[in-house]
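Breakdown of the fold
Spelled out, the chains give:
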Amino acid sequence: MGVVNVTPDSFSDGGAFQDPVAAIAHGRRLISEGAAIVDVGGESTRPGAAPVPAEEELRRVVPVVEGIAGLGLPVQISVDTMKAEVAAAALDAGAAYVNDVTAFRHDPDLPALVAERGVDCCLMHMLGEPRTMQENPRYDDVVSDVKAFLEERMGAAVSAGIAEERIQLDPGIGFGKTLEHNLELLRRLDELAALGRPIVLGTSRKSFLGRITGRDVTERVHGTTATCVMGLERGARVFRVHDVAAVADSLSVAAATLAARWPATTIPTTTTS
Ligand code: HH2
């Protein structure tokens with residue numbers, strides 16, 4: 001899953017793809033590098049980020065989804081949003097996957113929309129909200145707590161009419177977690193994979209990698225690939241990354257070594273509503 005951030009303030013590439021033409025070209029490049037999914041987002045969720053009004057998020061996201069869909073390439077377009085209004089417009093424009101970092105806790109209309117359109121979704125764990133999530137996060141046992149949360153949110157999604165096969169789960173690396181929490185989740189990712197749904201892993205360029213390596217945000221590709229390879233070995237199947245070429249090569253070699261099947265999913269190019 002390649003990341004296309006159409007934002008002025010994303011933590012690693014804010015401002016680089018605000019122009020729709022640049023964002024669409026970036027999407028094309030990520031697809032050519034091996035992305036099976038491109039995740040288009042118009043609201044940063046970095047620690048301390050301020051919420052973006054739906055109107056502005058729509059203005060950022062919809063032309064880019066439309067443009068990438070118009071390329072006619074074999075890719076699934078994801079919209080990274082917590083708002084049903086934005087998701088609906090993105091699905092109309094050609095997206096077929098909803099990536100909600102709040103796991104349907106922000107907008108009660110979002111699960112019904114995903115159910116009605118029959119599209120894939122990602123439910124992610126976050127402790128608190130982006131504005132405050134890194135202020136002293138605490139867990140009894142981070143892996144058990146995240147697992148219980150994901151199980152509960154998956155149950156809520158199924159109750160809202162979403163088919164279980166459409167649901168993917170994400171531990172939310174960096175979302176209300178210390179360095180130690182992130183490493184514990186990575187080390188014990190197999191316990192989350194035991195929930196029986198594909199695990200999405202979003203470690204790309206995140207600050208915990210900089211804490212370990214001392215590298216700036218654009219120099220964390222090697223740290224990112226290390227986490228993806230370890231994640232694959234422990235059951236992750238979707239890797240949300242900025243540096244698709246490097247990660248795709250690393251995963252191909254790791255998957256061949258493990259004789260694992262990767263990519264693990266077929267790629268729908270249209271919505272199934
Ligand atoms: N991380 C970010 C945003 N969306 N979605 C999922 N499912 N998992 C993640 O780990 C995840 C996510 C943060 O990364 P990025 O989009 O690059 O930054 P920003 O939120 O500042 O735009």
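Computed from a predicted model, the values in this text were never measured in an experiment. (Residues numbered from 1 in each chain as written. Predicted model: local features only at pLDDT ≥ 70, side-chain atom pairs only at ≥ 80, totals over all residues. Heavy atoms only, no water.)

Quick look at the side chain of Asp-120
In this fold, Asp-120 is placed in strand β5 (residues 120–124). Given the relative accessible area of 9%, Asp-120 is considered buried. When neighbours within four sequence positions are excluded, Asp-120 is seen to be in contact with Gln-76, Ala-96, Tyr-97, Val-98, Glu-165 and Arg-166. (Helix = DSSP H or I, 4+ residues; strand = E, 2+ residues; numbered from the N terminus. Buried < 20%, exposed > 50% of the residue type's maximum accessible area, 1.4 Å probe, protein only. Contact = heavy atoms within 4.5 Å.)

Observations concerning the nonpolar core
Ranked by internal contacts, the top residues of the largest apolar core, which has 69 residues, are Val-40 and Ile-68. Ignoring sequence-local partners within four residues, the contact set of Ile-68 consists of Ile-24, Gly-27, Ile-31, Val-38, Val-40, Val-75 and Ile-77. (Core = buried A, V, L, I, M, F, W, Y, C linked by side-chain atoms within 4.5 Å.)

Observations regarding the site of the ligand
Around the ligand sit 17 residues, and of these Ser-10, Ser-44, Thr-45, Asp-170 and His-242 come closest. The side chain of Asn-99 places a nitrogen or oxygen atom 2.8 Å from a nitrogen atom of the ligand. Within the side chain of His-242, a nitrogen or oxygen atom sits 2.7 Å from an oxygen atom of the ligand. Computed on the free molecule, the ligand has an accessible area of 480 Å², of which 99% lies beneath the protein chains in the complex. Because more than half of its atoms lie within 2 Å of the grid, the ligand is assigned to the largest pocket. Among the residues making up the shell around the ligand, the classes are represented as 5 nonpolar, 7 polar and 5 charged. (Near = heavy atom within 4 Å. Polar contact = N/O pair within 3.5 Å; in protein donor to acceptor, adjacent residues only side chain to side chain. Areas by Shrake-Rupley, 256 points an atom, 1.4 Å probe, with all protein chains shown as cover. 1 Å grid on protein atoms, 1.4 Å probe; cavity = no way out; pocket = protein on both sides within 12 Å on 5 of 7 lines; lining within 4 Å. Sits in = over half its atoms within 2 Å of the grid points. Nonpolar A, V, L, I, M, F, W, Y, C, P; charged D, E, K, R; others polar.)

Thoughts on the pattern of salt bridges
Applying the stated criterion across every chain, the model contains 18 salt bridges. Notably, a salt bridge pairs Glu-57 with Lys-83, separated by 2.4 Å at the nearest N-O pair. Of this pair, Glu-57 sits in helix α2 (residues 54–69) while Lys-83 sits in the loop between β3 (76–80) and α3 (84–92), and the two are 26 residues apart along the sequence. Of the two residues examined, Glu-57 and Lys-83, each falls in the buried class. For Glu-184, the salt bridge goes to Arg-187, with nearest N and O atoms at 2.6 Å. (Salt bridge = Lys/Arg side-chain N within 4 Å of Asp/Glu carboxyl O.)

Brief notes about empty space enclosed by the protein
Applying the stated criterion across every chain yields a total of 2 cavities of 30 Å³ or more. Estimates place the volume of the second largest cavity at around 30 Å³. If you trace the second largest cavity, you find it lined by Glu-43, Thr-45, Asp-80, Thr-81, Met-82 and Val-101. Taken together, the residues of the lining of the second largest cavity sort by class into 2 nonpolar, 2 polar and 2 charged. (Points joined across faces, edges and corners; volume = space filled by probe spheres on them.)

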